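Take a look at the letters that make up each chain.
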Amino acid sequence: MKDQEIVEKFKQPESKNYAFNILVRTYQERIYWHIRKMVIDHEDANDLTQEVFVKVWKNLHKFQGKSQLYTWIYKIATNECLNFLTKKRKKFFVPIVDVKSELLSKLESSEHVSGDEIQLKLQKALLTLPDKQRLVFNMKYFDEMKYDDISEVVGTSVGALKASYHLAVKKIEKFLKED
């Protein structure tokens, strides 16, 4: 079922639940992994994924179709991730370095991350990036999103995104060479 059909069926009371179930089945895994790459922890990613779909449920009737449905959902997920990381820092009054070291320890102990040494090194390198730069890198590199779609999600110009991605790649290369 196409996105527009899902939205139309969602707006009809008799097919609302059916449409939402299709939407969740279509996007849940992609959204989970998008979130997981940012927050690292499986439980946090699960909770945030649920929160994202609760927000989608509450707001899908307002979706106007000016963007693609998946970019709209990604935007909600992105905002949830960034808000979660910000709240985590404020809640524990910890500097950004301590949050990164906490994420690193979760990464190293996670059963959901492949034991592949190269993959682990890449993930460690990603944790050295600022949140928004890591987000852009993840969306471009792992999710293979187009710059135009990323621009819609994060609300940044394509030129700035390209620069951010380029800087992220350079920082990752530097980290990997030094490690």
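Residues numbered from 1 in each chain as written. Predicted model: local features only at pLDDT ≥ 70, side-chain atom pairs only at ≥ 80, totals over all residues. Heavy atoms only, no water.

**Q** Residues and numbers for the overall build of the protein chain, please.
**A** When helices and strands are counted, the protein chain shows nine helices and zero strands. Listing the helices and strands of the protein chain from first to last along the sequence gives α-α-α-α-α-α-α-α-α. Of all 179 residues assigned to the protein chain, the portion counted as buried reaches 41%. Relative to all contacts within the protein chain whose residues are 6 or more apart in sequence, the contacts with residues 24 or more apart total 62%. With the model as given, the accessible surface of the protein chain reaches about 10300 Å², and the carbon-plus-sulfur share is 52%. (Helix = DSSP H or I, 4+ residues; strand = E, 2+ residues; numbered from the N terminus. Buried < 20%, exposed > 50% of the residue type's maximum accessible area, 1.4 Å probe, protein only. Contact = heavy atoms within 4.5 Å. Areas by Shrake-Rupley, 256 points an atom, 1.4 Å probe, with all protein chains shown as cover.)

**Q** Can you explain unusual backbone geometry? Please cite residues and give values.
**A** Positive phi, close to 70°, is recorded for Ile 40, a residue that is not glycine. What makes Ile 40 buried here is its relative accessible area of 4%. One non-glycine residue, Glu 144, lies in the positive phi region at around 55°. Among the secondary structure elements, Glu 144 is positioned in the loop between helix 7 (131-142) and helix 8 (147-154). Glu 144 gets classed as exposed once you look at its relative accessible area, which sits at 68%.

**Q** Outline the packing of helix 8 against helix 9 (residues 158-178), supporting the account with residue identities and numerical values.
**A** Helix-helix packing is characterised by the crossing angle of the two axes and by the distance between the axes. Packing of helix 8 against helix 9 brings their axes to within 9 Å, and their N-to-C directions diverge by 100°. When the interaxial angle is binned, helix 8 and helix 9 end up roughly perpendicular. Across the interface between the two elements, Tyr 147, Asp 148, Ile 150, Ser 151 and Val 154 from helix 8 touch Val 158, Leu 161, Lys 162 and Tyr 165 from helix 9. Partitioning the contact of helix 8 with helix 9 into residue classes produces six nonpolar, one polar and two charged. (Axes fitted to C-alpha atoms, helices over the stretch in contact; angles between N-to-C directions. Parallel < 35°, antiparallel > 145°, perpendicular 65-115°, else oblique. Nonpolar A, V, L, I, M, F, W, Y, C, P; charged D, E, K, R; others polar.)

The analysis is restricted to geometry; functional conclusions fall outside its scope.
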